[in-house]
Amino acid sequence: MTGATGNVGRSLVDQLLARDAPVRALTRSPEHAGLPEAAEVVRAEFGAGEPSPSLFEGADAVFLNLAATGPEAAVRLVDAAAKAGVRRVVLLSSAGVTDTPADEDNAISRMHAVVERAIRASGLEWTFVRGGMFATNTLEWAEAIRTTGVVRGPGAAARSAPVHEADLAAVATEALLDRVGTHDGQVYLVTGPEALTAQQMLDVIGAATGRTPRYEELTREEALAAMTARGLPLPIAEALVDWSAKSPDRASAVSRDAERVTGRPARTYAEWVADHAAAFA
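Just so you know, these numbers come straight off a predicted model, no measurement behind them.

**So, the pattern of salt bridges**
- Following the criterion strictly, the structure yields 21 salt bridges and no others.
- Here Asp 60 and Arg 179 are joined by a salt bridge, their closest N and O atoms 3.5 Å apart. Residue Asp 60 is found in the loop between strand 2 (40–43) and strand 3 (61–65), and its partner Arg 179 is found in the loop between helix 6 (165–176) and strand 7 (186–190); the two are separated by 119 residues along the sequence.
- For Asp 60, a relative accessible area of 30% translates into the label partly exposed.
- Between Arg 267 and Asp 167 there is a salt bridge whose closest N-O contact spans 2.4 Å. With a gap of 100 residues between them, Arg 267 in the loop between helix 11 (257–262) and helix 12 (269–280) and Asp 167 in helix 6 connect regions that are remote in the sequence.
- Overlapping salt bridges, with partners in common, bring together Asp 60, Arg 87, Arg 88, Glu 125, Asp 178 and Arg 179 in one network.

Right, dumping it as structure tokens:
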């Protein structure tokens, strides 16, 4: 699996191991991975070369996260996995993918759509877990909440359904361990159970921490300047800022796919905050 040291990846490792499934985690820095001893941690560079067949030796399924590889390396991994005899690939994709020409107008949708198409053409069994707004994105607010109590960003009226990383991992776990084809060729939209504005999310954080943070809206230009100043590439910043404005219904969509796949309701944002309250305290 790729992305094992990220938020979704760590939860996925834990859930797979809890099901007695062997895990091989690919990472650039095994010495810093900090994963459970039961996981096999393997050094892997996702550069321009063809991935080593040894990465897939004995593997039945592969989990791909573009945050760890980027789209070009992910396509190479798909090709190498197919050549190595891997049976299935599960991709952590984006809710922004629409399977229409509109995907080309958004950098985040475009890079996920490219990999989705490569997977469909690979001959592998596949499942796409299209994640909505990750609740972990709000960890970026932590410093502002602790210091000034004011979080600044675009789209104060926009709503999204923040999804707990454990729910994304739970859906991926079911797909990776599928032995009867239940999840083959399935596209799951995985969101939280409720659509909230940024201020409503801050209210949840405030209730858990005893603080009263507030949201201050920035213009599109101010938001882009702030995001690129933090090192975010401009096309990605534009995709994030414009997502809710251009596709408000899709950005605020609430899906029950997590419950349908796992048999349990998706975790609320309040549950996520309870799990991460120390970051905001």
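Alright, that's what it looks like, and here's the rest.
**Topic: the layout of surface pockets**
- Approximately 460 Å³ is the volume found for the second largest pocket.
- Forming the boundary of the second largest pocket are 20 residues, of which Pro 22, Val 23, Arg 24, Ala 59 and Ala 61 lie nearest the centre.
- Among the secondary structure elements, those contributing two or more residues to the lining of the second largest pocket are strand 1 (24–27) and strand 3.
- Residues belonging to the lining of the second largest pocket are distributed by class as follows: 14 nonpolar, one polar and five charged.

**Quick notes on the packing of helix 1 (residues 7–18) against helix 6**
- For the pair helix 1 and helix 6, interaxial distance at closest approach is 8 Å and the crossing angle is 50°. With respect to helix 6, the axis of helix 1 lies oblique. The chirality of how helix 1 crosses helix 6 is right-handed. On helix 6, the residues that touch Asn 7, Val 8, Ser 11, Leu 12, Gln 15 and Leu 16 of helix 1 are Glu 165, Ala 166, Leu 168, Ala 169, Ala 170, Ala 172, Thr 173 and Leu 176.

**Examining the sheet that holds strand 3**
- Read across the open sheet, the four strands follow the order 3-4-5-7; overall the sheet is parallel. Of all strands in the sheet, those bounded by a partner on one side alone are strand 3 and strand 7. With strand direction ignored, the average angle separating the axes of adjacent strands in the sheet is 20°.
- Across seven bridges, strand 4 (residues 88–94) lies against strand 5 (residues 125–131) in parallel orientation.

So, how was this worked out
Residues numbered from 1 in each chain as written. Predicted model: local features only at pLDDT ≥ 70, side-chain atom pairs only at ≥ 80, totals over all residues. Heavy atoms only, no water. Salt bridge = Lys/Arg side-chain N within 4 Å of Asp/Glu carboxyl O. Helix = DSSP H or I, 4+ residues; strand = E, 2+ residues; numbered from the N terminus. Buried < 20%, exposed > 50% of the residue type's maximum accessible area, 1.4 Å probe, protein only. 1 Å grid on protein atoms, 1.4 Å probe; cavity = no way out; pocket = protein on both sides within 12 Å on 5 of 7 lines; lining within 4 Å. Points joined across faces, edges and corners; volume = space filled by probe spheres on them. Nonpolar A, V, L, I, M, F, W, Y, C, P; charged D, E, K, R; others polar. Axes fitted to C-alpha atoms, helices over the stretch in contact; angles between N-to-C directions. Parallel < 35°, antiparallel > 145°, perpendicular 65-115°, else oblique. Left-handed = near helix turned anticlockwise from the far one by under 90°. Contact = heavy atoms within 4.5 Å. Pairing = 2+ DSSP bridges.

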